[in-house]
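# Fold and geometry: a report
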Amino acid sequence: MTDRLPDSPAVTASLVHSVIDTICRRHSHPGRTSAVARMERLIAEEAWIEVALALIDLELPQWQLRRLAYDAGEWYCALSRRRELPDWLDQAVEGSHPDLPRALLQAFLEAQRIAASPRWPSVPATPRESAPHINLCCDNFA
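Right, let's walk through the structure included here. (Residues numbered from 1 in each chain as written. Predicted model: local features only at pLDDT ≥ 70, side-chain atom pairs only at ≥ 80, totals over all residues. Heavy atoms only, no water.)

The pairing of strand 1 (residues 64–71) with strand 2 (residues 74–80) spans 7 bridges and is classified as antiparallel. Within strand 2, the residue paired with Arg67 across the bridge is Ala78. Connecting strand 1 to the antiparallel partner strand 2 that follows it, the hairpin turn spans 2 residues, and Ala72 within it adopts a positive phi of roughly 55°. As defined by bridge partners, strand 2 adjoins strand 3 (residues 93–97) across 5 bridges and the pair is classed as antiparallel. For Leu79, the partnering residue across the bridge sits in strand 3 and is Val93. (Pairing = 2+ DSSP bridges. Helix = DSSP H or I, 4+ residues; strand = E, 2+ residues; numbered from the N terminus.)

Okay, the nonpolar core next. Counting 31 residues, the largest nonpolar core has Met39, Leu55, Leu79 and Phe108 as its most contacted members. Contributing elements (two or more residues each) for this core: helix 1 (13–23), helix 2 (33–44), helix 3 (48–59), strand 2 and helix 4 (100–116). With 8 residues, the top contributor of residues to this core is helix 4. Beyond its immediate chain neighbours, meaning those up to four positions away, Leu55 contacts Val19, Ile20, Cys24, Met39, Leu60, Leu105 and Phe108. (Core = buried A, V, L, I, M, F, W, Y, C linked by side-chain atoms within 4.5 Å. Buried < 20%, exposed > 50% of the residue type's maximum accessible area, 1.4 Å probe, protein only. Contact = heavy atoms within 4.5 Å.)

Within the secondary structure, Ala10 sits in the segment before helix 1. On a C-alpha basis, the gap between Ala10 and Leu100 in space is 9.7 Å, while along the polypeptide they are 90 residues apart. Ignoring any residue separated from it by four or fewer positions in sequence, one finds Ala10 in contact with Leu15, Asp99 and Arg102.

Turning our attention to helix 3. Spanning 12 residues, helix 3 covers 16 Å between terminal C-alpha atoms, matching the ideal 16 Å at 1.5 Å per step. For helix 3, every residue scored as buried is listed here: Trp48, Val51, Ala52, Ala54, Leu55, Ile56, Leu58 and Glu59. If you follow the buried residues of helix 3, they end up packed against helix 1, helix 2, strand 2 and helix 4. (Expected span 1.5 Å × (residues − 1).)

Right, let's talk about the packing of aromatic side chains for a bit. The description of an aromatic ring pair uses the distance of the two centres, along with the angle that the planes make with each other. One pass over the structure, following the stated rule, counts 1 aromatic pair. Measuring from centroid to centroid gives 4.8 Å for Tyr70 and Trp75, while their planes differ by 50°, and the two rings are tilted. By relative accessible area, Trp75 is classed as partly exposed at 24%. (Phe/Tyr/Trp six-rings, centres within 6.5 Å; stacked < 30°, edge-to-face > 60°.)

This part is about a nonpolar patch on the surface. Nonpolar side chains collect at one region of the surface, where Ile49, Leu53, Leu65 and Leu68 lie side by side and expose about 280 Å² of accessible area between them. Among the secondary structure elements, those contributing two or more residues to the nonpolar patch are helix 3 and strand 1. Along the chain, Leu68 falls in strand 1. (Patch = residues over 30% accessible without salt bridge, like charges linked within 9 Å, V, L, I, M, F, W, Y side chains within 5 Å. Areas by Shrake-Rupley, 256 points an atom, 1.4 Å probe, with all protein chains shown as cover. Salt bridge = Lys/Arg side-chain N within 4 Å of Asp/Glu carboxyl O.)

Phi is positive for Glu46, close to 60°, though the residue is something other than glycine. In this structure, Glu46 sits in the loop between helix 2 and helix 3. A positive phi angle, close to 55°, is found at Ala72, a residue other than glycine. Relative to the helices and strands, Ala72 resides in the loop between strand 1 and strand 2. Since its relative accessible area comes to 78%, Ala72 is described here as exposed.

So, in C-alpha cells, the structure goes:
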C-alpha cells in the first residue's frame, strides 16, 4: 500500500479508509477534528476528488498541486513543494491513472513516501572505522 494503490476499477470508501489507516499520521490527531469530520463527510458523499485534495491538504501541508493534465485517456497529477519554480528546477512528484481521483491519490502516496524518507546530510559522513591510508608525495622534482 505504501508505494502503489491496489488495482481496483474505481476509488471506494474502503480504499480511502485503508490509505488513511495505513499511511496518514495527522488524520487522527486530536486538534484536527473539524478537518477529519469534513473528510468523513466527503467520503460519505463519495466526493473522491475532494477527498484526495483534502488528504493532501491535511497530511502534506507543504505540498501543493502543481499540474493537472489529461492526455490520451490518462490523468497526470504533479505535486510540488515549490510550485513557483520553473519546471526544470522543481522536484515534483507525479501520479497518473485513467481515473482522476486515483491519479491524485497516487501522487499523494508518492509525496508521502518522499516526505517520510530520512533526510540525508549534504556532506556524507566519514565511517568511524576507516581503512588505514598511506600518504604519498606526488610532486615531480626532476
